[in-house]
Amino acid sequence: MKNTGYLTVSRKGRAFALFLFAALTAGIIAGSVYGASHPHGLTAAVHQFYLPGSCGRSFPAVFGNTLLSSALFLTAAYLAGLFTFGQPVGIALLVYRGFGIGASSAAMYSSDGIGAAAGVTLRLMPFALASAGIAVLAVRELLRVSSGVLCLWVTGELRDEKLIDLKLYTTKFAVLMLLSLIISLANGAVFLACSGIT
């Protein structure tokens with residue numbers, strides 16, 4: 001019986017992860033359609049600094065803009081997790097993150113055709129994949145804590161006190177912010193390397 005229980009928990013975890021990645025993928029698809037239709041003039045709110053060239057022309061600018069984008073996302077996710085109905089906000093944030101990735105890559109291909117492949121592969125995808133992973137982890141924590149807050153609000157009690165552990169929740173987001181800092185530094189380094197090549 002214990003094995004069955006563990007399998008059930010494992011399956012639930014996998015299903016939950018698939019759901020989060022499905023939300024991210026939906027955003028990427030929607031963003032791709034939008035980016036292909038509007039390859040020029042994407043605003044920062046749309047491309048979220050995934051679009052190479054939109055981040056700036058120097059290491060400090062690229063680093064600062066990509067870190068700002070990540071910091072704003074993580075702040076919004078953190079705050080949403082503290083509210084009773086933060087779950088739909090979390091899913092919307094994940095779709096939005098995917099939208100920026102899809103719109104940026106599609107805009108590059110629409111502008112440069114197959115010639116954009118190198119730029120997408122070297123300059124966009126590493127940052128996009130890393131930050132997408134951060135986004136999924138952040139929203140997972142958001143949903144866990146927000147669900148705990150909702151449960152407490154509805155029933156007046158918690159089955160698991162760890163669901164709402166503000167110190168642990170804050171620590172996890174601090175770690176995600178640190179990882180975002182490292183990713184932003186790496187993105188700036190990629191910019192310098194690619195600038196040297198071109």
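Please refer to the structure higher up on the page.
These remarks concern the structure in this document. On a predicted model such as this, the values are computed, not experimentally measured, just so you know.

## Remarks on the overall build of the protein chain
If you tally the helices and strands in the protein chain, you get 6 helices and 0 strands. Within the protein chain, the fraction of its 198 residues that count as buried is 38%. Taking the contacts inside the protein chain whose residues are at least 6 apart along the sequence as the reference set, 79% of them involve residues at least 24 apart. Of the roughly 10700 Å² that the protein chain leaves accessible, carbon and sulfur atoms contribute 72%.

## Structural notes on helix α4 (residues 87-112)
The terminal C-alpha atoms of α4, which comprises 26 residues, lie 38 Å apart, in line with the 38 Å expected from a rise of 1.5 Å per residue. One or two residues past the end of α4 sits Gly113, with phi positive at roughly 65°.

## Quick word on the side chain of Arg97
As for its position among the elements, Arg97 is in helix α4. For the buried Arg97, which has no salt bridge, the nearest side chain bearing the opposite charge is Glu141, at an N-O separation of 17 Å. With sequence-adjacent residues up to four places away left out, Arg97 is seen in contact with Leu24, Gln48, Tyr50, Ser69, Ser70, Phe73, Ser131 and Ala135.

## A short note on the pattern of salt bridges
Using the criterion set out here, one finds 3 salt bridges in the structure. Across the salt bridge formed by Glu141 and Arg144, the nearest N and O atoms sit 2.8 Å from each other. With Glu141 and Arg144 both in helix α5 (residues 117-155) and 3 residues apart, this pair spans about one turn of that helix. On the basis of relative accessibility, which here comes to 6%, the residue Glu141 falls in the buried class. Taking the relative accessible area as the measure of exposure, Arg144 reaches 22% and is therefore partly exposed. Between Glu141 and Lys172 there is a salt bridge, and its shortest N-O distance comes to 3.3 Å. Of this pair, Glu141 sits in helix α5 while Lys172 sits in helix α6 (residues 166-197), and the two are 31 residues apart along the sequence. The class for Lys172 is partly exposed, based on a relative accessible area of 30%. One network of salt bridges, with partners in common, ties together Arg140, Glu141, Arg144 and Lys172.

## Describing the nonpolar core
Leu20, Phe73, Leu74, Leu94, Ala138 and Leu142 are the most contacted members of the largest nonpolar core, which has 37 residues in total. In terms of residue count, α5 provides more of this core than any other element does, 14 residues in total. In contact with Phe73, other than residues within four places in its own chain, are Leu93, Leu94, Arg97, Ala135, Ala138 and Val139.

## Re the side chain of Ser131
Its place among the elements puts Ser131 in helix α5. Relative accessible area serves as the criterion here: at 4%, Ser131 is assigned to the buried category. Beyond its immediate sequence surroundings of up to four residues, Ser131 is in contact with Tyr50, Arg97 and Ile183.

## A closer look at the packing of helix α3 (residues 59-81) against α4
Their axes nearest at 9 Å, the elements α3 and α4 cross at an angle of 165°. Put simply, α3 runs roughly antiparallel to α4. When the axes of α3 and α4 are compared, the crossing they make is left-handed. Across from Ser69, Ser70, Phe73, Ala76, Ala77 and Ala80 in α3, the residues of α4 making contact are Val89, Leu93, Leu94 and Arg97. Taken together, the residues that form the contact of α3 with α4 break down as 7 nonpolar, 2 polar and 1 charged.

## Examining the packing of aromatic side chains
On inspection of all chains with the given rule, the structure shows 6 aromatic pairs. Ring geometry for Tyr50 and Phe127: centres 5.0 Å apart, planes at 40°, overall tilted. Of the two residues, Tyr50 is situated in the loop between α2 (44-47) and α3 and Phe127 in helix α5; the sequence distance between them amounts to 77 residues. The pair Tyr50 / Phe127 is uniform in exposure class, with both members buried. Between Tyr169 and Phe173 the ring centres are 4.9 Å apart and the planes differ by 65°, which places this aromatic pair in the edge-to-face class. A residue pair is termed a helical-turn pair when its members lie 3 or 4 positions apart in one helix, as Tyr169 and Phe173 do in helix α6 at 4 residues. Phe173 shares its class with Tyr169; the two are buried. The structure contains a cluster of three or more aromatic residues connected by ring pairs, namely Tyr78, Tyr169 and Phe173.

Criteria and thresholds
- Residues numbered from 1 in each chain as written.
- Predicted model: local features only at pLDDT ≥ 70, side-chain atom pairs only at ≥ 80, totals over all residues.
- Heavy atoms only, no water.
- Helix = DSSP H or I, 4+ residues; strand = E, 2+ residues; numbered from the N terminus.
- Buried < 20%, exposed > 50% of the residue type's maximum accessible area, 1.4 Å probe, protein only.
- Contact = heavy atoms within 4.5 Å.
- Areas by Shrake-Rupley, 256 points an atom, 1.4 Å probe, with all protein chains shown as cover.
- Expected span 1.5 Å × (residues − 1).
- Lys, Arg positive; Asp, Glu negative; His and termini not counted.
- Salt bridge = Lys/Arg side-chain N within 4 Å of Asp/Glu carboxyl O.
- Core = buried A, V, L, I, M, F, W, Y, C linked by side-chain atoms within 4.5 Å.
- Axes fitted to C-alpha atoms, helices over the stretch in contact; angles between N-to-C directions.
- Parallel < 35°, antiparallel > 145°, perpendicular 65-115°, else oblique.
- Left-handed = near helix turned anticlockwise from the far one by under 90°.
- Nonpolar A, V, L, I, M, F, W, Y, C, P; charged D, E, K, R; others polar.
- Phe/Tyr/Trp six-rings, centres within 6.5 Å; stacked < 30°, edge-to-face > 60°.

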